[in-house]
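# Residue-level structural notes
As a plain string of letters, each chain reads:
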Amino acid sequence: MAAYFKAMSSEWLKLSRSRIWLQVLLSPVLALAIGILSGNPGSQLPWHVLVGTMASMHALLFLPILTGVFGAMVCRYEHLGGGWKQLLVTPVSRGAVYCAKLSVVAVLMGAVQLLFLGAVFAAGWHHGVQAPVPWEMIATSLLGGWAACLPLAALQLFVSTAWSSFAAPLALNVIFTIPNMLIANSQTYGPYYPWTQPLLAMAPSTENDFGAFLVPFETLMLVVIGGFLLFFVSGMIYFQRKEV
């Protein structure tokens, strides 16, 4: 456990030299702009409308892409100047290093979700929403969206440790993010597509749901957990055997 926290401290120190906090702010700020410009959410379930409207781009595009960015960023310094050799000869185990990198990505995605929550409240204040805050719906949306990013984080970390290029994993992530809305229309394939899962998890349930949005939240979370375990275990096995 001490090795894990030592590795975490090292990861945060490396990231402190970057401008990653600007990227953390990007999606919540854009979501706030969407929430304000979309007009008054009305009197019927205004918080549901705001969350659904603001999450449409936040979870559709930016969460999957940001997960890829963060996954690539935590491996960037190791790909420069033989950083992997320097890191893996230290007394810290490879397992602790890998878990620390994944934990950093998870914490950054959690920060993005907390800022998104602030953006929802700011948009509600702007529109003068007086309805009681549906905490259960909001908590389910934010925590579900965060959890749905974990399989992507594990997959992106796997790819980023395998490829020495910083841009290639990001380009791959963007390519697979673009078809999101089309795949979300499919109840058969949508829930199993990792890049669509954040959108499905964050969208509040309505009577007009269609395609993959009809899949129960509990079923989606089971798929998310299965995907995370698959990508995490595969990445960990590769990293343990990685030659430097």
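Just so it is clear, the model here is predicted, and its values are computed rather than measured.

To continue, consider the overall build of the protein chain. When its secondary structure is counted, the protein chain shows 10 helices and 0 strands. If you list the helices and strands of the protein chain from N to C, you get α-α-α-α-α-α-α-α-α-α. Taken over C-alpha atoms, the radius of gyration comes to 19 Å for the protein chain, in line with the 18 Å a tight globule of 244 residues would show. Dimensions along the principal axes, computed over C-alpha positions, put the protein chain at roughly 60 × 40 × 30 Å. Out of the 244 residues in the protein chain, the part that is buried amounts to 49%. When contacts within the protein chain are restricted to residue pairs at least 6 apart in sequence, long-range pairs at least 24 apart make up 82% of them. With an accessible surface of roughly 11900 Å², the protein chain has 69% of that area assigned to carbon and sulfur atoms.

A separate point is helix H1 (residues 2-15). Over its 14 residues, H1 extends 20 Å from the first C-alpha to the last, a length consistent with the 20 Å expected when each residue adds 1.5 Å. Within the sequence span of H1, burial applies to Ala7, Met8, Glu11, Lys14 and Leu15. All buried residues of H1 project into a common sector of 125 degrees when viewed along the axis, lining one side. Structural note: H1 exposes Ala2, Phe5 and Lys6 on the side pointing more than 90 degrees away from its buried face.

On to the nonpolar core, then. Met54, Phe70 and Phe116 are the most contacted members of the largest nonpolar core, which totals 67 residues. Going through the elements one at a time, H1, helix H2 (20-37), helix H3 (46-79), helix H5 (94-126), helix H6 (135-162), helix H8 (180-184), helix H9 (197-202) and helix H10 (217-241) are the ones with two or more residues in this core. The contact partners of Met54, leaving out residues within four places of it in the chain, are Ala31, Leu32, Gly35, Phe116, Ala119, Val120 and Ala123.

Here we take up the packing of H5 against H6. Close contact between H5 and H6 brings their axes to 9 Å; oriented N to C, the two are set at 145 degrees. Handedness of the crossing formed by H5 with H6: right-handed. Residue composition of the contact of H5 with H6, by class: 18 nonpolar, 5 polar and 1 charged.

Taken together, the side chains of Leu22, Leu25, Val29 and Leu115 make up a nonpolar region of the molecular surface, amounting to roughly 350 Å² of accessible area. At 3 residues, the largest contribution of residues to the nonpolar patch is made by H2. Here Leu22 lies in helix H2.

What follows covers the packing of H6 against helix H7 (residues 167-177). Relative to each other, H6 and H7 sit at 145 degrees, their axes nearing to 9 Å. Where H6 crosses over H7, the two elements pack in a sense that is right-handed. Judged by residue contacts, Leu152, Gln156, Val159 and Ser160 of H6 engage Pro169, Leu170 and Asn173 from H7. For the contact of H6 with H7, the class distribution of residues is 4 nonpolar, 3 polar and no charged.

Definitions and limits used
- Residues numbered from 1 in each chain as written.
- Predicted model: local features only at pLDDT ≥ 70, side-chain atom pairs only at ≥ 80, totals over all residues.
- Heavy atoms only, no water.
- Helix = DSSP H or I, 4+ residues; strand = E, 2+ residues; numbered from the N terminus.
- Rg over C-alpha atoms; globule rule 2.2 N^0.38 Å.
- Buried < 20%, exposed > 50% of the residue type's maximum accessible area, 1.4 Å probe, protein only.
- Contact = heavy atoms within 4.5 Å.
- Areas by Shrake-Rupley, 256 points an atom, 1.4 Å probe, with all protein chains shown as cover.
- Expected span 1.5 Å × (residues − 1).
- Arc of directions from axis to C-beta.
- Core = buried A, V, L, I, M, F, W, Y, C linked by side-chain atoms within 4.5 Å.
- Axes fitted to C-alpha atoms, helices over the stretch in contact; angles between N-to-C directions.
- Left-handed = near helix turned anticlockwise from the far one by under 90°.
- Nonpolar A, V, L, I, M, F, W, Y, C, P; charged D, E, K, R; others polar.
- Patch = residues over 30% accessible without salt bridge, like charges linked within 9 Å, V, L, I, M, F, W, Y side chains within 5 Å.
- Salt bridge = Lys/Arg side-chain N within 4 Å of Asp/Glu carboxyl O.

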